[in-house]
Amino acid sequence: MPDWVSDASDDFIKRLPAEIKINIILLPLIKRGKNPDIPRIIRDESRKLLTAVPKDSIIVALDVLGRPVNTMKFSSILDTWMQQGQDVSIIIGGPDGVSDELLANASQKISLSALTFPHPLVRVILLEQIYRAWSILNNHPYHRA
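Caption draft 1: Representation of the environment of Ala52 within the structure. For Ala52, the location among the structural elements is in helix H2 (residues 38-52). Relative accessible area serves as the criterion here: at 27%, Ala52 is assigned to the partly exposed category. When the C-alpha positions of Ala52 and Leu27 are compared, they lie 8.6 Å apart, and in sequence the two are 25 residues distant.

Encoded structure:
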């Protein structure tokens, strides 16, 4: 990932309080050659992602066909996760998406936007939205909408 992704990600993570711990797990993409077998790649990458999810964690998949959420709804979702007190694993899939198997294991499927974003930007947007959602829940002045 470019340095700006790590810098922006670290900035939002540092702003969050201790009760919201972010653990980023990066998995390498499967190499795509000249005629890649995309369905196999999606399946294999998704299985690697599922294997990386900590045991007893709530799985949330970011998916273009997931439930669209706005910032206020996302803050409500974050509040629910915090009240449940259970680890939440938000999965950002590879450039070709995630498998039906992974989606079937997800308790929630969320779409951040109808727009398509580059993979590195999705991480920054997600972390910013987590921070913004927390700021809404805590009447912090960051969110001014």
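Caption draft 2: The arrangement of a nonpolar patch on the surface in detail. A cluster of nonpolar residues, Met1, Ile24 and Leu26, forms a patch on the protein surface that exposes about 290 Å² of accessible area. One can find Met1 in the segment before helix H1 (3-15).

Caption draft 3: Expanded view of the pattern of salt bridges. Throughout the structure, instances matching the rule amount to eight salt bridges. Across the pair Arg15 and Asp11 runs a salt bridge, and its minimum N-O distance is 2.9 Å. One end of the pair is Arg15 and the other is Asp11, both in helix H1 and four residues apart, which spans about a single turn. For Arg15, a relative accessible area of 36% gives the class partly exposed. Asp11 sits in the partly exposed class, given a relative accessible area of 35%.

Caption draft 4: Spotlight on the nonpolar core. Grouped together as the largest cluster of nonpolar side chains are 21 residues, with contacts concentrated most on Phe74, Trp81, Ile110 and Ile130. Of the residues forming this core, the biggest block, eight residues, is contributed by helix H5 (residues 119-137). Residue contacts for Ile130: discarding those within four places in its chain leaves Leu16, Ile20, Ile22, Phe74, Leu78 and Ile90. Counting residues in hydrophobic clusters, the runner-up holds 10 residues, among them Val53, Ala61, Ile91 and Ala106.

Caption draft 5: View of the sheet that holds strand E3 (residues 108-111). In space, the three strands of this open sheet follow the order E2-E1-E3, with parallel pairing throughout. Of all the strands in the sheet, the pair left with one neighbour each is strand E2 (88-91) and E3. For this sheet, the mean inter-axis angle between neighbouring strands, taken without regard to orientation, is 40°. Examined bridge by bridge, strand E1 (residues 58-68) and E2 share four bridges and lie parallel to one another. Paired with Val60 across the strands is Ile90, a residue of E2.

Caption draft 6: Summary view of the pairing of E2. With burial as the criterion, only one face of E2 is covered, namely that bearing Ser89 and Ile91; the residues Val88 and Ile90 on the opposite face remain uncovered. For the crossover from E1 across helix H3 (residues 71-84) to E2, the handedness is right-handed.

Caption draft 7: Spatial organisation of the packing of H1 against H5. Between H1 and H5, the least distance of the axes is 9 Å, while the angle of their chain directions is 15°. Between H1 and H5, the angle falls in the class roughly parallel. The hand of the H1/H5 crossing is left-handed. Residues Trp4, Val5, Ala8, Ser9, Phe12, Ile13 and Arg15 of H1 lie in contact with H5, whose contacting residues are Pro120, Leu121, Arg123, Val124, Leu127, Glu128 and Tyr131. Among the residues making up the contact of H1 with H5, the classes are represented as 10 nonpolar, one polar and three charged.

About the thresholds
Residues numbered from 1 in each chain as written. Predicted model: local features only at pLDDT ≥ 70, side-chain atom pairs only at ≥ 80, totals over all residues. Heavy atoms only, no water. Helix = DSSP H or I, 4+ residues; strand = E, 2+ residues; numbered from the N terminus. Buried < 20%, exposed > 50% of the residue type's maximum accessible area, 1.4 Å probe, protein only. Patch = residues over 30% accessible without salt bridge, like charges linked within 9 Å, V, L, I, M, F, W, Y side chains within 5 Å. Areas by Shrake-Rupley, 256 points an atom, 1.4 Å probe, with all protein chains shown as cover. Salt bridge = Lys/Arg side-chain N within 4 Å of Asp/Glu carboxyl O. Core = buried A, V, L, I, M, F, W, Y, C linked by side-chain atoms within 4.5 Å. Contact = heavy atoms within 4.5 Å. Pairing = 2+ DSSP bridges. Axes fitted to C-alpha atoms, helices over the stretch in contact; angles between N-to-C directions. Right-handed = clockwise from strand over helix to strand, strands pointing away. Parallel < 35°, antiparallel > 145°, perpendicular 65-115°, else oblique. Left-handed = near helix turned anticlockwise from the far one by under 90°. Nonpolar A, V, L, I, M, F, W, Y, C, P; charged D, E, K, R; others polar.

Nothing here speaks to function; it is geometry throughout.
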